[in-house]
Amino acid sequence: MRLYPLTFLEEGEEVTVGRADIDSYGLFPADGAALLRRLEEGVSPNEAARWYEQQYGESVDMLEFLEVLEEFELLVPEGEQVAEAPVIRWRRLAQAVFSWPAWCLYAAVTLAGIVVMSTDAHVTPQYQNLFFTTSSLVALTAGNVLGQLPWILLHEGAHALAGRRLGLNSTLRIGRRFYYLVFLTSLDGLVAVPRRKRYLPMLSGMGVDVVVVCGLSLAAAPLVTHTGAAGLTGRFLLAMAFGTLMRLAWQFYFFLRTDLYFLATTVLGCNDLQTVSRQLLQNRVRTLLGRREGLVDPESWTPRDRSVARWYVWLMVGGYTLLTVLAFTVMLPAAIRITELALHKLVRDTSVLNVTDVCVFLVLNFGELALAGYLAARGRRRRGADQAAASGAAPASV
């Protein structure tokens, strides 16, 4: 029996074990991890079972234990060659980005930006900065929407590079947080990294946002009072600074699995707080409705997750309630007003150029919500297919 190269991280009475090459990890009790180490050393399953009984005074169901290892893809199939560990690309760049000279540069830009913003009200980010031009609805919206993409990618790139600095495989994808469309950096390998080393990958994106806000305001300072192209450039830089500041504030919605959510769960010593809180809430609702079937067994949760989830679940419910209220009291009226403006502009001028301007304007404003809805529907279809496959039934068409 052969096992893939494994990583072990001991935290209290539990040990995180897994494969860094495919980011597959499981949480084992200390005795289970010790048994796995024996197998990794080349001991046969029968010998490992006898050792376990001598060490802990009780027998172990070795077949069930091997099924768990197979589920986490820790066992090498017969006849398969174990590939060499993949080379982590961009690791040297990551080390340079988070070196001491780089930190000194970031600190200098941040300090200079704070000084400029505190002494000149013209470069302090505010919502009026978003209206950097009135010549075209498309130019205004495209500038605010598409102009943020480089800074969003810079934020997520900081997460990815901080992970690669630790030797982790990090990937970037598009995801959804309630009705927000977001870019997500996957850092699954952080679960096998000591907690004190997880903070930089988690907070590096917010650190980049702070530097970007200060840097853009600093760059806009000599331009914003000018007219013509220079003034437009300065106003656009301030629009980007305000948009970045809003995304930084969004991180405090940590019930949406933002950067601060992962920071909080790490500090609190939780494993999967969001999932446990959702399952706890579902159990309570089903119990109140008298539907006992489908309840999640609380014994499947870690004690720390269960303890924190008792109060976190109310914060999560309150947060989603707040966003729902904002959707109807702020976003919906704003969407209606935007549509009215577009239609009014369309009625006044039916030229091809104006029609194109209005149509692109509407797509840029409502395209994100449409894409978020598509991702939500696709996620539900996938979950339905997985549940049907698990029960042995054919997935229903949606």
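Throughout this description, residue numbers start from 1 for each chain and increase along the sequence as written. Totals for whole chains, interfaces and linings use every residue, but because this is a predicted model, local features are given only for residues with pLDDT of at least 70 and side-chain atom pairs only at 80 or more, for both listing and counting. Only hydrogens and water are set aside; all other atoms, that is, all heavy atoms of the structure, feed into the side-chain values.

### Section: the packing of aromatic side chains
Side-chain rings of Phe, Tyr and Trp (the six-membered ring for Trp) are treated as a pair once their centres are within 6.5 Å; stacked means planes under 30 degrees apart, edge-to-face means over 60, and tilted covers the remaining angles. Taken as a whole and judged by the stated rule, the model has 10 aromatic pairs. Taken together, a centroid distance of 6.2 Å and an interplanar angle of 50° make the contact between Phe28 and Phe72 tilted. Placement of Phe28 in strand β3 (residues 24-29) and of Phe72 in the loop between α3 (62-71) and α4 (91-97) is noted, with a sequence separation of 44 residues between them. Take Phe28: its relative accessible area is 5%, and that puts it in the buried class. The rule is simple: take the accessible area with a 1.4 Å probe, protein chains only, and divide by the maximum for that residue type; under 20% is buried, over 50% is exposed, in between is partly exposed. We classify Phe72 as partly exposed; its relative accessible area is 24%. With a centroid separation of 6.1 Å and an interplanar angle of 50°, the aromatic rings of Phe98 and Trp103 are classed as tilted. Overall, Trp103 belongs to the partly exposed group, its relative accessible area being 36%. Members of the aromatic cluster, connected to one another through ring pairs, are Tyr261, Phe262, Trp311 and Tyr312. The ring of Phe8 carries the charged tip of Arg37 above its face, separated from the ring centre by 3.9 Å. Numbering of helices and strands starts at the N terminus; helices are DSSP runs of H or I of at least 4 residues and strands are runs of E of at least 2. Any Lys NZ or Arg CZ found within 6 Å of a ring centre and within 35 degrees of that ring's normal is scored as a charge over the ring.

### Here's the deal with the sheet that holds strand β1 (residues 7-11)
Where strands meet in a sheet, backbone hydrogen bonds hold them as pairs that are either parallel or antiparallel. Pairing between two strands requires that DSSP report at least two bridges joining them. The strand order across the open sheet built from three strands is β1-β2-β3, with neighbouring strands paired in antiparallel fashion. On the outer flanks of this sheet lie β1 and β3, each paired with one strand and no other. Averaged over all pairs of adjacent strands, the angle between strand axes in this sheet comes to 20°, irrespective of strand direction. We call two residues contacting when some pair of their heavy atoms lies within 4.5 Å. All axes are obtained by fitting lines to C-alpha atoms, using only the stretch in contact for helices, and the reported angles, taken between N-to-C directions, cover 0 to 180 degrees. Along the sheet face, helix α1 (residues 30-40) touches β1, β2 (14-19) and β3 and points at about 120° away from the line of β3.

### Observations concerning the nonpolar core
In this description, a nonpolar core means a group of buried Ala, Val, Leu, Ile, Met, Phe, Trp, Tyr and Cys residues linked to one another through side-chain atoms lying within 4.5 Å. Counting residues in each nonpolar core, the largest one holds 22 residues, and the members touching the most others are Val17, Leu36, Leu39, Phe65 and Leu69. Of all elements in the fold, only β2, α1, α2 (45-56) and α3 reach the threshold of two or more residues within this core. Among the elements that line this core, the one with the most residues is α1, at five residues. Apart from the residues lying within four places of it in its own chain, the contact partners of Phe65 are Phe28, Gly32, Leu35, Leu36 and Leu39. In terms of nonpolar packing, the next biggest core, distinct from the first, is built from 17 residues, Ala158, Leu216, Ala220 and Ala239 among them.

### Examining the pattern of salt bridges
Here, a salt bridge means any side-chain nitrogen of Lys or Arg that lies within 4 Å of a carboxyl oxygen of Asp or Glu. The full count for this structure, using the stated rule, is four salt bridges. We note a salt bridge from Glu41 to Arg38, for which the minimum N-O separation is 3.7 Å.

### Some remarks on the confidence of the model for the protein chain
Think of pLDDT as the predictor's per-residue confidence, scored from 0 to 100. Of all residues in the protein chain, 87% attain a pLDDT of 70 or more, and the chain-wide mean is 82. Segment residues 387-398: pLDDT under 50, and five contacts once partners within four positions in sequence are set aside and those in other chains are kept.

### A closer look at the side chain of Gln274
Looking at the secondary structure, you find Gln274 in helix α11 (residues 273-288). Here a polar contact means two N or O atoms within 3.5 Å. Within protein one must be a hydrogen donor candidate and the other an acceptor candidate, and residues neighboring in sequence count only if both atoms are side-chain atoms. Of the polar contacts made by the side chain of Gln274, one reaches the side chain of Tyr312; its length is 2.8 Å. When sequence neighbours within four positions are dropped, the list of residues in contact with Gln274 reads Phe255, Arg257, Tyr261, Tyr312, Met316 and Tyr320.

### A word on α1
Taken residue by residue, α1 has Gly32, Ala33, Ala34, Leu35, Leu36 and Leu39 as its buried positions. Packed against the buried residues of α1 are β1, β2, β3, α2 and α3. Looking at the residues trailing α1, positive phi occurs at Gly42, about 105°.

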